[in-house]
Amino acid sequence: MTNAPEPFSLDDELDQTSGWDLDPGRPAADDFQSGYAEPGADLTTGELDLAERHELRRAAGLRTELEDITEVEYRQLRLERVVLVGVWTEGTAEDAENSMAELALLAETAGSEVLDALYQRRDKPDPATYVGRGKVEGLREIVAATGADTVICDGELAPGQLRNLEDRIKVKVVDRTALILDIFAQHAKTKEGKAQVELAQLNYMKQRLRGWGGNLSRQAGGRVAGGAGIGSRGPGETKIENDRRRINTKIAKLRRDLKHLESTRSTQRSERRRHAVPSVAIAGYTNAGKSSLLNRLTDAGVLVEDALFATLDPTTRRTTSGDGRVYTMTDTVGFVRHLPHQLIEAFRSTLEEVADSDLVVHVVDGSHPDPEGQLASVREVFAEIGAQDVPELVVVNKTDIADPMVVSRVLAKEPHAVAVSAQSGAGIAEALAAVEADLPHPAVEVQALLPYSRGDLLNQIHERGEVLSLEHTADGTRVEARVNEDLAGALAEYAVPAPA
């Protein structure tokens, strides 16, 4: 007889500091024979990260095989056989199918095997069971026929909806938010990324603590009540209260840690602003090709994987424009339709890279069935983080596999857009020229005659300003340029009148 799995233990969970445990996956022996890199080749940082990630792939035989559901609403996702369920409340049937296809990609990215999917047309989700009573019966039959051990719902379900569905279909039910949190927990790499994911998980889990048969509502009392007997009875803290208090303590600690890490990031941004280094943020829908574009534009060598949320930790690279100006490009976390609010709050300090940038390169997947929907979803997040007024350049990516009519349609609707293929390199030169044209221009125009001993000032003009004219004379280098106020002050003693 198969032993039931160990119940989820909050005591074990809160001792962790970097998110949920993951099941070990297949060994790394095959990694360099799977297309990541040639054996013996010099690997980029991204290729090493990709090999490390695939070392942690979870084995297909590890499943929960739940027979009894206990303790907490949020449980780990191991590699499971899943059935997808959606409620279609608005839009066309094609929109509903696209939504379910995205949910299937999310499930597969989390390491699940999708067996079947169904969705129901309703004005709004059923308040008790998400889908209607008849669909619940049909879902139970599908689960029994396919041997599925998990049902994933395409929405954020209330604790009562999760409980009612589990009670009726007798397998674990996970909503869209828990699924995305699980993917983030797998992909977070840096200390800040892991802390942000754990904070989001705990905020999600805190609202979903519950028990069956009074398990979590028990107070200390007599032996029958699970207490220590005489001398220990009386008012006490219930188990659910104790767990919620410990979660709140952990959340407070994570917020303190993130505040410290945020100050470091703020210092770096302030230093870039002090030196007037323009910043460009590459943002967009998940798996739109942002990391591939960064690699094309800057030779960054960051991780690239055909998977949702492959990038969680932002990567900033310093690069130089055609006229010698220095600026930075930052690859940010991808967005998705109905991005969980907990994640936006937890990743707010990271997302501020977008709000504080001088230009947002908004990457959209031209091969996606609904690129306009991707643009709209990302702009909703921009508005939530205060980045809606940052200048935006739309880059329609994956033109090598996209329908040319769809690409033309997006370009016609977006007044400031270019089309590229980060895979083949087509259009990259035009995109780079558009980025450099949109960089902010220094405000102060100067005329200076620099002695040859002050080559350092001339170098700063090239890196931080725009050179309009340059002439080498017997007395020194005569330069006309636009620079920021700080550099203009340093050049003041060498100022000369403009030529007549």
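This text follows the structure it describes.
This one's a predicted model, so the numbers in the text were calculated from it and none came from an experiment.

Procedures and definitions
Residue indices follow the written sequence of each chain, beginning from 1 at its first position. Side-chain atom pairs in this predicted model are given and counted only at pLDDT of 80 or more, local residue features only at pLDDT of at least 70, and totals for whole chains, interfaces and linings cover all residues. Water and hydrogen atoms play no part in the side-chain values, which are based on all heavy atoms of the structure. Nonpolar core, defined: a set of buried Ala, Val, Leu, Ile, Met, Phe, Trp, Tyr and Cys residues in which side-chain atoms within 4.5 Å join the residues together. For the exposure calls, accessible area comes from a 1.4 Å probe over protein chains only, and a residue counts as buried if that area is under 20% of its type's maximum, exposed if over 50%, partly exposed in between. Contacts between residues were defined by any pair of non-hydrogen atoms, one from each residue, lying within 4.5 Å. At least two DSSP bridges between two strands are required for those strands to pair. Here a helix means four or more residues in a row that DSSP labels H or I, a strand means two or more in a row labelled E, and each is numbered from the N terminus. All axes are obtained by fitting lines to C-alpha atoms, using only the stretch in contact for helices, and the reported angles, taken between N-to-C directions, cover 0 to 180 degrees. Expected helix span is computed as 1.5 Å times (number of residues minus one). Each aromatic pair joins two rings of Phe, Tyr and Trp (for Trp, the six-membered one) with centres within 6.5 Å, and gets the label stacked for planes under 30 degrees apart, edge-to-face for over 60, and tilted for any other angle. Should an angle fall under 35 degrees it is taken as roughly parallel, and over 145 as roughly antiparallel, whereas 65 to 115 is taken as roughly perpendicular and any remaining angle as oblique. Note: crossing handedness is left-handed where the near helix turns anticlockwise from the far helix by less than a right angle, and right-handed where it turns clockwise. Nonpolar residues are Ala, Val, Leu, Ile, Met, Phe, Trp, Tyr, Cys and Pro. Charged residues are Asp, Glu, Lys and Arg, and all others, Gly as well, are polar.

**Some remarks on the nonpolar core**
Next up, step 1: Within the largest apolar cluster, 70 residues are counted, with the highest numbers of intra-cluster contacts made by Leu139 and Val151.
Next up, step 2: Once residues within four sequence positions are removed from consideration, leucine 139 is found in contact with Val83, Val85, Leu118, Val151, Leu165 and Ile169.
Next up, step 3: Core analysis: the next-biggest nonpolar cluster, separate from the first, contains 20 residues, Leu293, Val363, Val418 and Ala431 among them.

**Thoughts on the sheet that holds strand β2 (residues 113–121)**
Next up, step 1: Across the sheet, which stays open at both edges, the four strands sit in the order β2-β1-β3-β4 with parallel pairing between neighbours. Taken across any chain shown, the strands that pair with only one partner, and hence form the sheet edges, are β2 and β4 (172–175). The sheet shows a mean angle of 25° between the axes of neighbouring strands, direction not considered.
Next up, step 2: Here strand β1 (residues 81–88) runs beside strand β3 (residues 150–153); their pairing, made up of four bridges, is parallel. In the strand pairing of β3, leucine 84 is matched with isoleucine 152.
Next up, step 3: Along the sheet, helix α5 (residues 159–169) makes contact with β3 and β4, crossing β4 at roughly 150°.

**Digging into helix α6 (residues 176–187)**
Next up, step 1: Here α6 contains twelve residues, and its C-alpha end-to-end distance of 17 Å stays within 8% of the 16 Å for a straight helix at 1.5 Å per residue.
Next up, step 2: Among the twelve residues that make up α6, twelve are buried, leaving the element largely enclosed by the rest of the structure.
Next up, step 3: The complete set of buried residues in α6 reads Arg176, Thr177, Ala178, Leu179, Ile180, Leu181, Asp182, Ile183, Phe184, Ala185, Gln186 and His187.

**Description of the packing of aromatic side chains**
Next up, step 1: Summed over all chains, the structure comprises two aromatic pairs.
Next up, step 2: Between tryptophan 88 and tyrosine 119 the ring centres are 6.2 Å apart and the planes differ by 75°, which places this aromatic pair in the edge-to-face class. Of this pair, tryptophan 88 sits in strand β1 while tyrosine 119 sits in strand β2; the two residues are 31 residues apart in sequence, bridging distant segments of the chain.
Next up, step 3: Residue classification places tryptophan 88 among the buried positions, given a relative accessible area of 17%.
Next up, step 4: Taking the relative accessible area as the measure of exposure, tyrosine 119 reaches 29% and is therefore partly exposed.

**Comments concerning the packing of helix α3 (residues 93–109) against α6**
Next up, step 1: Running from N to C, α3 and α6 point in directions that differ by 40°, and their axes come no closer than 9 Å. By the angle between their directions, the pair α3 and α6 is classed as oblique. Between α3 and α6 lies a crossing whose hand is left-handed. Residues Glu102, Leu103, Leu106, Ala107 and Thr109 of α3 form the contact with α6, whose participating residues are Arg176, Leu179, Ile180, Ile183, Gln186 and His187.
Next up, step 2: Here the contact of α3 with α6 is built from residues that sort into six nonpolar, three polar and two charged.

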